[in-house]
Each structure stands twice: as C-alpha cells, then as structure tokens.
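# Coordinates in review
One-letter residues, chain by chain:
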Amino acid sequence: MKKIFKFFVTLFFLLTVFLYPGEEKIKNGRWQGYEYPLYTGKKKIKTNYLILTTGGSGGGFGKGDIHSHLNDIYFWDENTGVSCGYGGVFRTDDGGFTWKRLRERGSWYHIGMTGKNEIWLLEGFHGQPRANLYLSKDGGKTWEKVLSEDKLHGCGDLFCSGDIIWVIGSDFPSFYSTDRGKTWKKVYFWGSHKISIPGDYMSSNDGGYTIYILCDHRGKKTQKPYLKKSIDGGKTWENIELPEQFSGMKRAYRWSLFFVDSMRGWIGLSEGNIGYTEDGGKTWELRKIEGCNQDVVALWFDKIGRGFAAVGNWDLHHLKNALYQTNDGGKTWRCVLSGQKQINSIFGLGPDKIWACGTQPSLIPNDLIAVSYTHLRAHETSLHLVCR
C-alpha cells in the first residue's frame, strides 16, 4: 500500500511540474512570453526575446548553487550595473548579459551606485527589526558596514545619488546623509515604503532638493496611500493626502513610486491601479491597467510619458501578464512580457535602455534579468531575458 501511495505522489509531482499548462500552453509562450510590437510614433518596431542561462546551477530538490529571486537592480552606465537578491549580489560589465557574483546568498533587498566602483547595499531580515547598510569602494571586492542593525531597523528602500544617500526604515526610523555616508541624520515616517527623488532634484542654491516618500494610512484590512513631501532636502515636510477614491488599497509593502521630475509622478498600487499627478501632488488621477488585478510592484517613466509597469505574477499555477508598457503616461497599457516571469525592479537610462530583475516562478525558482536595448544598425528594439 505504501509503495502505491508513493507512486501516485511521485506521479502527481511530475505532472504538476512538467505538464501543468497554467493559463497558456508552454509552447505558445508560457516560458518565452508573447511578442507585442513596440512603437516609435506611428512606426511599429519588431520585438524579439532571447533567454540565456548565465550562472546558477542546481540538482534535484534545490541542491547546488541556486540563484533565486533578485530584488533590485541599478546601472551606472550602459555597461556597468549591479543587482541583488536572496541568491547573492552580482555585477555586470557588458550591459547585463554576463554577471559576476560579489557576495553570497543572503537577505539583500536594495542596491545603488554613486560611482562605477562605489556600491551601496542594504541588507534586511524578514520579520525582524534589523538591517545593515554596506558600502564598497572597489567594485564589490571588499565591503564596509556603514549603518549597523543596532541603529538601523528597517529596509523599505534605498536612494543613492552623488553625496545624497537615503535609507527608508518602513515602520522604524529612516536615515539620510548629504556627505556620502560620513554623517547621518534620523527622521521618522510611520509606514514608509518607497522614496523618489526626481532627476531635477536640485531646486535651490543652498542644496535643497525635492523628496517624495510613499506611506500608508492603515486600516484593519486595507490601506490608503499618502505622501510625505519636502522641497528643501528634508528640512521641512508636508503631508499630501490622496482623494477618497484611493482608499481600500491592499498590500502596501508592494506599492511602487516614481517621479520623473518634481511635478509629475506615479504611484503603483493594488489591483492594477496607478495614481498620477502632474502638479507635485496637488491633484491626482486614478489610472488603471485594463484587465489587470495584480499589484503594481515597479514603475519607470521618461519625461514624455513612455514607461513600464511590473505587476505581481508569483503564482506558478496561475501565471498572468508580468510587464506592461505605455506611451501616454499610463492612460493606456499593453503587455510586453507574460508567463513564467516576475519583475521586481526596473531601472532605465532611457526608454530604449531598460533593465529589470526578478524571478522565475517555480517550485525551485531561478532569478532573471531583463534587458531592453536598441540595435543601432537595424534600429530594432529587443527585449532580452537573461536567466541566471
């Protein structure tokens, strides 16, 4: 009897892994994703996909060097970038096609750069009020602990640019430095999740700059977003309350935030909802990714409204769309990646120079890197998936 039971359990496992079609057949794109045309004005541009395995290895039931779940990605230029996640910390010097491991597996949540070889790394511990901020000045060969867990207790987000460093502490104190980490100041934002400091952030001669921090008002089952805003580099703050139609959102820890300049910004929320402002938060419009009921977990836009939105797609047996693109500031969206992909972070140097990282939903998940670039000779935009 035991042998028969073991046989059927094994058979069910194999059928689940290899034959379960999810919402689409494997041969029709569950792995590769659909191909959707990208546009430049009225011109259609062909989109191609390439999948490479570039690193991790593994045997049965997770044995081996499994590179799983990337959380964040950052690029210094078109060639040099870094990414981090539970499978380790990685660096590329060829635009994202090959990666070198800098640190072993760990709870690496956020990463940034203030120089080609100057890397900031935020470590967190799920369910525990402790975090550590590390700095490498030699491209990841050696690391110095800048803020330790006796002071730092949350790992909501990380911002790095020049001498300005911000660490968002979620339900714990946040810290910022204006001298590249030599000294730190503590600030308190209850329920803080994400930070955005726009590209035009220098707003006065005395070093002031605009900051937006995404927070939430918490109910028993739902949350309502609001923003903390500073126009003087964090010296003074104002609360920006969103309209009542933004009530009833869920899973605030998955929300996303992106301001392309000091006036125009987007908030990614639950159920495919996106908030948009074009006047620095004075007025808001609630926009929706049509047909999407997933959390909007990552955003990126350029100054004329071209952008991407990544949505939650973790459920292996109910795989849906993973990444959407817009050319009109989020009024309308079209899917550009679907199937066995979960995008967690997006970084761009322009609409044709986009990188994203995440994971491949699976019983033993692998991580992935998405690279979008333009062929100069063929004038053809391609989106490449590099699976580690």
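Everything in this summary refers to the structure shown in the same document.

## Thoughts on the side chain of Lys-228
By the secondary structure assignment, Lys-228 is in strand β18 (residues 223-230). Within the buried core, Lys-228 has no salt-bridge partner, and the shortest N-O distance to an opposite charge, that of Glu-241, equals 8.2 Å. In this structure the side chain of Lys-228 is engaged in a polar contact, spanning 2.7 Å, whose partner is the side chain of Asn-239. Residues contacting Lys-228, with those up to four places away along its chain left out, are Phe-189, Ile-211, Tyr-212, Ile-213, Cys-215, Trp-237, Glu-238 and Asn-239.

## Points about the packing of aromatic side chains
Per the counting criterion, the structure on display carries 14 aromatic pairs. On the numbers, 3.6 Å between centres and 5° between planes, the contact of Tyr-212 with Phe-259 is stacked. Of this pair, Tyr-212 sits in strand β17 (residues 211-218) while Phe-259 sits in strand β20 (residues 256-259); the two residues are 47 residues apart in sequence, bridging distant segments of the chain. A single burial state applies to Tyr-212 and to Phe-259, both of which are buried. Within the aromatic cluster, the residues linked to one another by ring pairs are Trp-166, Tyr-176, Phe-189 and Trp-237. Over the aromatic face of Phe-125 sits the side chain of Arg-130, whose NZ or CZ is 3.7 Å from the ring centroid.

## A closer look at the sheet that holds β18
Ordered by their spatial adjacency, four strands build an open sheet running β16-β17-β18-β19, and the pairing between neighbours is antiparallel. One side of each edge strand has no neighbouring strand; the edge strands of this open sheet are β16 (192-196) and β19 (238-241). Strand-to-strand twist of the sheet, defined as the mean angle between neighbouring strand axes without regard to direction, takes the value 30°. Pairing of β16 with β17, which is carried by four bridges, proceeds in the antiparallel orientation. Looking across to β17, one finds that Ile-195 is bridged to Ile-213.

## Side note on the environment of Asn-239
Along the polypeptide, Asn-239 turns up in strand β19. Of the residues examined, Asn-239 reaches a relative accessible area of 41% and is grouped as partly exposed. Sequence separation of Asn-239 and Lys-229 is 10 residues, and the distance between their C-alpha atoms is 6.4 Å. Setting aside chain neighbours within four positions, we find Asn-239 in contact with Tyr-226, Leu-227 and Lys-228.

Calculation rules
Residues numbered from 1 in each chain as written. Predicted model: local features only at pLDDT ≥ 70, side-chain atom pairs only at ≥ 80, totals over all residues. Heavy atoms only, no water. Helix = DSSP H or I, 4+ residues; strand = E, 2+ residues; numbered from the N terminus. Buried < 20%, exposed > 50% of the residue type's maximum accessible area, 1.4 Å probe, protein only. Lys, Arg positive; Asp, Glu negative; His and termini not counted. Salt bridge = Lys/Arg side-chain N within 4 Å of Asp/Glu carboxyl O. Polar contact = N/O pair within 3.5 Å; in protein donor to acceptor, adjacent residues only side chain to side chain. Contact = heavy atoms within 4.5 Å. Phe/Tyr/Trp six-rings, centres within 6.5 Å; stacked < 30°, edge-to-face > 60°. Lys NZ or Arg CZ within 6 Å of the ring centre and 35° of its normal. Pairing = 2+ DSSP bridges. Axes fitted to C-alpha atoms, helices over the stretch in contact; angles between N-to-C directions.

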